[in-house]
Amino acid sequence: MGSSCYSPSPSSSHLLVTDFFSRGFKSSKLPFLQKRRFDRSQRASKICGYYGLRTPPYKLDALEPYMSLKTLEMHWGGHHRNYVEVLNKQLEKNDILYGFTMDELVKVTYNNGNPLPEFNNAAQVWNHDFFWESMQPGGGDMPKLGVLQQIEKDFGSFTNFREKFVEAALTLFGSGWVWLVLKKEERRLAVIKTSNGICPLVWDDIPIISLDMWEHAYYLDYKNDKGKYVNVFMNHLVSWNAAMARMARAEAFVNLGEPKIPIA
Amino acid sequence: MAFRPLLSRTLGLTQTLTHSHTQTQLRGLQTFSLPDLSYDYGALEPAISGEIMQLHHQKHHQAYITNYNKALEQLEDAVAKGDSSSVVKLQSAIKFNGGGHINHSIFWKNLTPVSEGGGEPPHGSLGWAIDTHFGSMEALVQKISAEGAALQGSGWVWLGLDKESKKLVVDTTANQDPLVTKGANLVPLLGIDVWEHAYYLQYKNVRPDYLKNIWKVINWKYASQVYEKECP
C-alpha cells in the first residue's frame, strides 16, 4: 500500500533478525546493522514517509451505471485524494511516523483507542484503497469455492449473510463503513460496521469486503436511497474475486480448519 | 404556508381492552409530524439549492420523524411489558432519530430567505453579546465555519447559550446528537447541519464553500428571539 518502497521479507526471517538483536548480540561483523535503529516496524531500506494516491484497478467509468463516473471522479479524485494530501502534510511535520506501510500506519496512529490526529487520514486512505479493490465491473453475483463455503459455515447461507450485510448498512448511524471480516481469534467471518474512518485492522481483524456508507459515496447517484445503493453494490459491484484473494492470504494467518494448502 | 401542528395526539388502546375490563388503559402516545417550512424550497437559492432543501426536508427529516415515532412506539411497548433489555436497546435509535428531528426542526427556523432578512446580523442584546464574547460578528462566523469544516464525519456545529452562566458558546455535536448532550444548560441558538446530505449535491466535497455561503440566509431574528427569552 502507498509508495513506501520496500520488498516485504517473509515474517519468519524477520522474527529471526529481531530475536538476534534482542539477545544483545553485538558483533563486529555487523557494524552496518548495528548503526541502524532496528525495530520491527522499520523494514524499509529507504525511508519513505509519503504516500501516493493509488488508482482503482479499473477505469473511472467502468462501474457505470451502478456507480457513476461523476461519483468516482468526486469520491476518488476529491475525497480520497484529499485524505492522501492532508496525510502527507501531517507527516511532513512528524518525525516519528515514517517508514510504515499503510497497514502499519493505521494501527500505529490508532494508538490503542486514543487516535493521533493522523489516524483519520491514514485510515481513510487505507479504507478507500480497500474499497476500490472490493469492487469490480461486472461484480456482484455469488462467491465461489472457499469463500462461499466459509460464508455458509459462518452465516448458515449466503442469503442470510447478504441480509445481515444489508441490514448493517442500513442501520449505521452517521458516517461509516460496513465490512465482512475474518475474525482472527474467533476464526470465523462476521459482518461489522465502523464509524467514520475506523478500520477493522485496528482490532486485528482481517477485512475481506467493505462498503462505504458515507453519504458522499452514494449521494450523487442515489440521493437518500441507501437501500438501493446497498442492493446495487451486492448485485452488481462487489468483487468476490478480491474477496477470494484476501481470504487466501488470510488463511496464512488464521487456521480455519484442517491445515491444508489454501485453494482460492 | 399553511401551518400543521408539530404534534398530534393519537390515542392507542391496549389489546387487553377487549379481554379484561380491569386492565383497560388509554395510552396517549404523541406522534410527531413534519413541520412545514415558512418559505419555499427554492427561496434560499443560491446559497442552498431548492433540490437540496426539498430532499433534506421531505426525505431526510421525514425519515427521522418516521423512525422516531416507530422507536417511541416500541419503547412504550417495552416499558409496559417491563422488557428492560429492549428499553435499553432502543435508546440509540431514539437518540439518533429524535435528535435528528429536534436538530432539523431548529435548522429550518435558523434559515430564511434574503428577502425576509436572511443574513442580516443581529441587533439588540444578541449582537452585543456576540461582540463581547467573540470580539466581532466576523470572528464568530470564522469560528463557526472553521469548526464546522473541521468536523470529521457527520454532525452539527452550534452557537449555543449556557443559560446558567449566560455565556455564548460555539460547539459541535456528532451525528444527530442534540446540543444538550454537550451540556445540560446549553440552549441552541443557531445550528448548521454539516452532514454531507446538507450540501453535497450543490457544493460536492467543498464543505467550506457551503459554510461560507450559508451565512447569507441565516435567520438571526430567530436566534435573537431565543436568546432574549433566556436572557431578558
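Each value, and the rule that gives it
- Residues numbered from 1 in each chain as written.
- Chains lettered and ligands numbered in written order.
- Predicted model: local features only at pLDDT ≥ 70, side-chain atom pairs only at ≥ 80, totals over all residues.
- Heavy atoms only, no water.
- Helix = DSSP H or I, 4+ residues; strand = E, 2+ residues; numbered from the N terminus.
- Buried < 20%, exposed > 50% of the residue type's maximum accessible area, 1.4 Å probe, protein only.
- Contact = heavy atoms within 4.5 Å.
- Areas by Shrake-Rupley, 256 points an atom, 1.4 Å probe, with all protein chains shown as cover.
- UniProt positions renumbered as here; feature names shortened; annotations may be inferred.
- 1 Å grid on protein atoms, 1.4 Å probe; cavity = no way out; pocket = protein on both sides within 12 Å on 5 of 7 lines; lining within 4 Å.
- Points joined across faces, edges and corners; volume = space filled by probe spheres on them.
- Nonpolar A, V, L, I, M, F, W, Y, C, P; charged D, E, K, R; others polar.
- Salt bridge = Lys/Arg side-chain N within 4 Å of Asp/Glu carboxyl O.
- Polar contact = N/O pair within 3.5 Å; in protein donor to acceptor, adjacent residues only side chain to side chain.
- Pairing = 2+ DSSP bridges.
- Axes fitted to C-alpha atoms, helices over the stretch in contact; angles between N-to-C directions.
- pLDDT = per-residue confidence, 0-100.

1. Regarding the overall build of chain A
Then, number 1: If you tally the helices and strands in chain A, you get 10 helices and 3 strands.
Then, number 2: Along its sequence from the N terminus, chain A presents helices and strands in the succession α-α-α-α-α-α-α-β-β-β-α-α-α.
Then, number 3: Here chain A holds 264 residues, and the buried ones make up 48% of them.
Then, number 4: A separation of at least 24 residues holds for 69% of the contacts in chain A among residues at least 6 apart in sequence.
Then, number 5: For chain A, the exposed area adds up to about 13,300 Å²; of that, 53% sits on carbon and sulfur atoms.

2. Focus: the UniProt feature "domain: Manganese/iron superoxide dismutase N-terminal" (unreviewed entry) in chain A
Then, number 1: According to UniProt, the feature "domain: Manganese/iron superoxide dismutase N-terminal" (unreviewed entry) maps to residues 51-135 of chain A in the numbering used here.
Then, number 2: Helix makes up 59% of residues 51-135 of chain A and strand 0%, whereas the separation of the span's terminal C-alpha atoms amounts to 22 Å.

3. Points about empty space enclosed by the protein
Over the atoms rolls a probe the size of a water molecule, and its path tells where empty space is left.
Residues and elements named next belong to chain A.
Then, number 1: A full pass over the atoms with the stated rule returns 1 cavity of 30 Å³ or more.
Then, number 2: Its volume calculated, the largest cavity comes out at about 50 Å³.
Then, number 3: Lining the largest cavity are Gly146, Val147, Met244, Met247, Ala248, Glu251, Pro262, Ile263 and Ala264.
Then, number 4: At the level of secondary structure, the elements contributing two or more residues to the lining of the largest cavity comprise α6 (145-155) and α10 (240-250).
Then, number 5: Of the residues forming the lining of the largest cavity, the biggest block, 3 residues, is contributed by α10.
Then, number 6: Broken down by class, the residue content of the lining of the largest cavity amounts to 7 nonpolar, 1 polar and 1 charged.

4. Considerations on the interface of chain B and chain A
Then, number 1: The partner chain A presents 15 residues to the 18 residues of chain B that form the contact.
Then, number 2: Our count for the contact surface shared by chain B and chain A stands at 1 salt bridge.
Then, number 3: One salt bridge in this structure joins Glu51 of chain B and Lys223 of chain A, with 3.8 Å as the shortest N-O distance.
Then, number 4: Seen at the junction of chain B and chain A, the total is 7 residue pairs in polar contact (both at pLDDT 80 or more).
Then, number 5: Of the residues forming the side of chain B that touches chain A, the biggest block, 4 residues, is contributed by helix α1 (residues 50-81) of chain B.
Then, number 6: Considering only residue class, the side of chain B that touches chain A consists of 6 nonpolar, 8 polar and 4 charged.

5. Some points on the sheet that holds strand β1 (residues 176-183) of chain A
Strand pairing in a sheet takes place through backbone hydrogen bonds and is either antiparallel or parallel in direction.
Residue and element names in this part refer to chain A.
Then, number 1: Taking strand neighbours across the sheet as the criterion, the 3 strands line up as β2-β1-β3 in an open arrangement whose pairing is antiparallel. Across the chains shown, the open sheet's two edge strands, defined by having one partner strand only, are β2 (188-195) and β3 (206-212). The average angle at which neighbouring strand axes cross in this sheet is 20°, direction not considered.

6. What to know about the pairing of β3 of chain A
All names here are of chain A.
Then, number 1: The buried fraction of β3 amounts to 7 of the 7 residues, a majority that puts the element mostly inside the structure.
Then, number 2: Judged from the 6 bridges that link them, β1 and β3 form a sheet pairing that is antiparallel. Following the sheet pairing, Trp177 is matched in β3 by Asp212.

7. A few points about the confidence of the model for chain B
All names here are of chain B.
Then, number 1: Of all residues in chain B, 88% have pLDDT values of 70 or greater, and the mean over the chain is 89.
Then, number 2: Segment residues 1-26: pLDDT under 50, and 36 contacts once partners within four positions in sequence are set aside and those in other chains are kept.
Then, number 3: Taken together, the chains of this predicted complex give a pTM of 0.82 and an interface ipTM of 0.84.

8. Some thoughts on the UniProt feature "domain: Manganese/iron superoxide dismutase C-terminal" (unreviewed entry) in chain A
Then, number 1: The UniProt entry lists residues 147-245 of chain A under the feature "domain: Manganese/iron superoxide dismutase C-terminal" (unreviewed entry), expressed in the numbering used here.
Then, number 2: For the annotated span residues 147-245 of chain A, helix accounts for 48% and strand for 23% of the residues, and the straight-line distance between the end C-alpha atoms is 10 Å.

9. Observations concerning the environment of Lys166 of chain B
All names here are of chain B.
Then, number 1: Assignment of secondary structure puts Lys166 in the loop between β3 (155-162) and β4 (167-174).
Then, number 2: Sequence separation between Lys166 and Ala150 is 16 residues; the distance between their C-alpha atoms is 26 Å.
Then, number 3: Contacts of Lys166, omitting those with residues within four sequence positions, involve His133, Leu161, Glu230 and Cys231.
Then, number 4: From its side chain, Lys166 meets the backbone oxygen of Glu230 in a polar contact 3.0 Å long.

10. Overview of the UniProt feature "binding site: Mn(2+)" (unreviewed entry) in chain B
Then, number 1: The UniProt entry lists His56, His104, Asp193 and His197 of chain B under the feature "binding site: Mn(2+)" (unreviewed entry), expressed in the numbering used here. What stands out for the annotated residues spanning 142 residues is how close their C-alpha atoms remain, the widest pair being 12.4 Å apart. The subset of these annotated residues that lines the second largest pocket comprises His197 of chain B.
Then, number 2: Assignment of secondary structure puts His56 of chain B in helix α1.
Then, number 3: Looking at where His197 of chain B falls in the secondary structure, it is placed in the loop between β5 (186-193) and α6 (200-203).
Then, number 4: Taking relative accessible area as the criterion, His197 of chain B reaches 1% and is therefore assigned buried.
Then, number 5: For His197 of chain B, the residues in contact, after removing those within four places along its chain, are Glu215 and Tyr219 of chain A together with Ile52, His56, His60, Tyr64 and His104 of chain B.

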